[in-house]
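The primary structure of each chain is shown beneath.
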Amino acid sequence: MPTLQEVLRVATDLEPSETEWLHLLVGDWQLIADLSFADLVLWVPAGMEGWLAVAHVRPTTGQMVFFEDVVGRRTHRGRQSLLDQAYLDRRIVRQKDPIFRDDMPVREEAIPVVRNGRSLAVLTRHTNLAAMRTPSRLELTYQSLADALARMIAAGEFPNVSAPTGQRRGAPRVGDGVIRLDVNGVVSYASPNALSAIHRLGHVGDVLDELFAKVVADLLRDESPVDESLAVVVTGRAPWRTEVSSRGASVSMRAIPLTEGGQRVGALLLLRDVSELRRRELELITKDATIREIHHRVKNNLQTVAALLRLQARRLPAGEAGRVALEEAVRRVGVIALVHETLSQGFSETVNFDDIAVRGLQAITEVAKIEHPIRTSVEGSFGLLRAEDATAMAMILSELVQNAVEHGLGESEGGTITVHAERSADESGEELLTVTITDDGAGLPDGFSPGRSGLGTQIVQSLVQDLRGRIVWKAAVPRGTEARFVARLRPLGRDAP
């Protein structure tokens, strides 16, 4: 099904700014549906074919009217005259008598969507009268607020381009709590959920007929500095959102000024108790910070181990087998430290291995003990790897490149080492990573056998097996050595960016 943007582009001749106005309305109309206890449908004129339904929302506070999706439908004759009248006269029009839909009486009214004095579309409100009963004060207040917002839509005063439209985590909704303020900021109505949220902050008693700004100010008198937008939200003077924290509780607030003829006549405040949500977010932040600190300390400890091994190696004569072994151990510990350093800089247990591959190549070639120049290049992409895979991959890459430097290019006049990485998937959908390390050096020695080679080759074979992969060495064309291995990667998990 095409998106609202695509439908508006194809079916209408609206300007980009007018299309954005309809997007703003749809982004915030769940509020109106919930206050109205009614379905809302957005219609745009479609030439000779009448009207086209381009968006639909159902209420979460009452019974719906349309069980099926109405987006993409055209109007019937009776509803078309209602839409035409609202669109042309730029006023709200209500059907004189209810219509019946599946033996359910439905009241319909059309609200023109106006911007800068021009009708852009029509919003229809469909109320299920079968569910109507003697309304409570809450329901009467909700209906009154919905009617006020409908008049603002018809006057081109809603939505407000500077208002946050509610996709932020923890944004308050109608069911979370509603407060109505008069033009002076005095509370004329507070829903039970809204009153409970204020009590969570520490207020005792009712808030009806109280200046809401004073109620909040008294709660925050002994608290730390608060959001600078708080004043305009609690007075209802600006369409904005803030969050109030007191005595361990947090309440999200959103203000929607109510206007008539361009003059502010009051405000609608939505409140939501987000204390538990903020507590969980704090736990996650603390956990993420702890994980980062662990990786940072592991990296520091590994660097300390490498420094101790390096000091020990310096006490041995140059070229002696013991010193060479310690120097190789220093390099291997440094490779593992590099992975943990990368992990300590983010919040995920995955790493972008391309950066590690480049830094590892540079580190090996910079300390290479050969006189001739070495050039390196990385082709393709390793992509994101889990920490376990990244450590094994870094060790494998380090050993293979080190072997290429020492035994391939070290026995010739320098050359080039190329690392090529390619991601793919097998028949079952499991991710594979194929890595090829090629050099243009002296090539493999006669009678080369991985099983009878040195410690580095044995480490590589063991780690490739840990990755459930396989590795082969062969002569490169026209000269040099090619080592290729395929690894089966673990799923990245939900924390991958």
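Every value quoted in this text rests on a predicted model; they were computed, and no experiment measured them. (Residues numbered from 1 in each chain as written. Predicted model: local features only at pLDDT ≥ 70, side-chain atom pairs only at ≥ 80, totals over all residues. Heavy atoms only, no water.)

**Q** Explain the overall build of the protein here, please?
**A** Within the protein one finds twelve helices and 18 strands. Taken across its 497 residues, the protein has 45% of its residues classed as buried. Within the protein, residue pairs in contact and separated by at least 24 positions form 61% of the contacts whose partners lie at least 6 positions apart. When the accessible surface of the protein is totalled, it reaches about 25400 Å², and 51% of it is carbon and sulfur. Averaging the coordinates of the 58 positive side-chain charges in the protein and doing the same for the 66 negative ones gives two points 3 Å apart. (Helix = DSSP H or I, 4+ residues; strand = E, 2+ residues; numbered from the N terminus. Buried < 20%, exposed > 50% of the residue type's maximum accessible area, 1.4 Å probe, protein only. Contact = heavy atoms within 4.5 Å. Areas by Shrake-Rupley, 256 points an atom, 1.4 Å probe, with all protein chains shown as cover. Lys, Arg positive; Asp, Glu negative; His and termini not counted. Charge placed at Lys NZ, Arg CZ, Asp CG, Glu CD.)

**Q** Where do I start with the side chain of R331 in this structure?
**A** Take R331: it is sitting in helix 9 (residues 321–343). Overall, the relative accessible area of 17% leaves R331 in the buried class. Polar side-chain contacts of R331 include one of 2.7 Å to the side chain of S398. Setting aside its immediate chain neighbours within four residues, R331 contacts S398, E399 and Q402. (Polar contact = N/O pair within 3.5 Å; in protein donor to acceptor, adjacent residues only side chain to side chain.)

**Q** Got a minute to help me understand the environment of V183 in this structure?
**A** Note on placement: V183 falls in the loop between strand 7 (178–182) and strand 8 (187–190). Each C-alpha atom of the pair V183 and Q263 lies 9.7 Å from the other, and the pair is 80 residues apart in sequence. Leave out the neighbours within four places in its chain, and V183 touches R264, V265 and G266.

**Q** So what exactly am I meant to see when it comes to the pairing of strand 6 (residues 118–128) here?
**A** Each regular strand carries side chains that alternate between the two faces of the sheet. Within strand 6, ten of the eleven residues are buried, leaving the element largely enclosed by the surrounding structure. Across six bridges, strand 1 (residues 38–45) lies against strand 6 in antiparallel orientation. The partner of W43 across the bridge, within strand 6, is V122. Where strand 5 (residues 104–115) folds back on strand 6, the antiparallel hairpin that results is connected by two residues, among which N116 adopts a positive phi of roughly 55 degrees. (Pairing = 2+ DSSP bridges.)

**Q** Explain the environment of A217 here, please?
**A** Among the secondary structure elements, A217 is positioned in helix 6 (residues 212–219). A217 sits in the partly exposed class, given a relative accessible area of 44%.

**Q** Before we go on, may I ask you to explain helix 8 (residues 275–314) in this structure?
**A** Between the first and last C-alpha of helix 8 there are 58 Å, a value that for 40 residues agrees with the 58 Å anticipated at 1.5 Å per step. Looking at helix 8, one finds that the buried residues are S275, L277, R278, H295, K299, L302, A306 and A313. (Expected span 1.5 Å × (residues − 1).)

**Q** Teacher, can you tell me more about helix 6 here?
**A** When helix 6 is considered as a whole, its buried residues turn out to be F212, V215, V216 and L219. The arc enclosing the buried residues of helix 6, seen along the axis, measures out at 90 degrees, which places them on a common side. (Arc of directions from axis to C-beta.)

**Q** How do you make sense of the nonpolar core when you look at a structure like this?
**A** What tends to happen in soluble globular proteins is that the nonpolar side chains get buried as a cluster. In this structure, F353, F382 and M393 are the most contacted members of the largest nonpolar core, which totals 43 residues. Sorting the residues of this core by element identifies helix 9, helix 10 (353–366), helix 11 (387–409), strand 15 (415–425), strand 16 (431–439), helix 12 (455–466), strand 17 (470–475) and strand 18 (481–488) as the ones contributing at least two each. Of the residues forming this core, the biggest block, 13 residues, is contributed by helix 11. With residues near it in sequence (within four places) discarded, F353 still touches F382, G383, L385, A390, M393, A394 and L397. With 42 residues, the next largest nonpolar core counts L22, F37, V44 and V178 among its residues. (Core = buried A, V, L, I, M, F, W, Y, C linked by side-chain atoms within 4.5 Å.)

**Q** Before we go on, may I ask you to explain the packing of helix 9 against helix 10 in this structure?
**A** The relative placement of two packed helices is expressed as an angle between their axes plus a distance between the axes. Closest axis-to-axis distance for the helix 9/helix 10 pair is 11 Å, and the angle between their directions is 140 degrees. Viewed along their axes, helix 9 and helix 10 adopt a mutual orientation that is oblique. For the pair helix 9 and helix 10, the sense of crossing is right-handed. For the pair formed by helix 9 and helix 10, the contact residues are L338, V339, E341 and T342 on the first element and I356, R359 and G360 on the second. For the contact of helix 9 with helix 10, the residue count by class is three nonpolar, two polar and two charged. (Axes fitted to C-alpha atoms, helices over the stretch in contact; angles between N-to-C directions. Parallel < 35°, antiparallel > 145°, perpendicular 65-115°, else oblique. Left-handed = near helix turned anticlockwise from the far one by under 90°. Nonpolar A, V, L, I, M, F, W, Y, C, P; charged D, E, K, R; others polar.)

**Q** Looking at this structure, how should I read the confidence of the model for the protein?
**A** Any region with low pLDDT has predicted coordinates that should not be read closely. Summary statistics for the protein give a mean pLDDT of 86 and a share of 93% for residues scoring 70 or more. Mean pLDDT values over the elements of the protein span from 81, in helix 8, up to 97, in strand 7. (pLDDT = per-residue confidence, 0-100.)

**Q** Is there a simple way to explain the packing of helix 10 against helix 11 in this structure?
**A** Between helix 10 and helix 11, whose axes approach to 10 Å, the crossing angle comes to 30 degrees. Classified by the angle their axes make, helix 10 and helix 11 are roughly parallel. Crossing of helix 10 against helix 11: the hand is right-handed. Residues F353, I356, A357, L361 and I364 of helix 10 form the contact with helix 11, whose participating residues are A390, M393, A394, L397, S398, V401, Q402 and V405. A class-by-class count of the residues in the contact of helix 10 with helix 11 yields eleven nonpolar, two polar and no charged.

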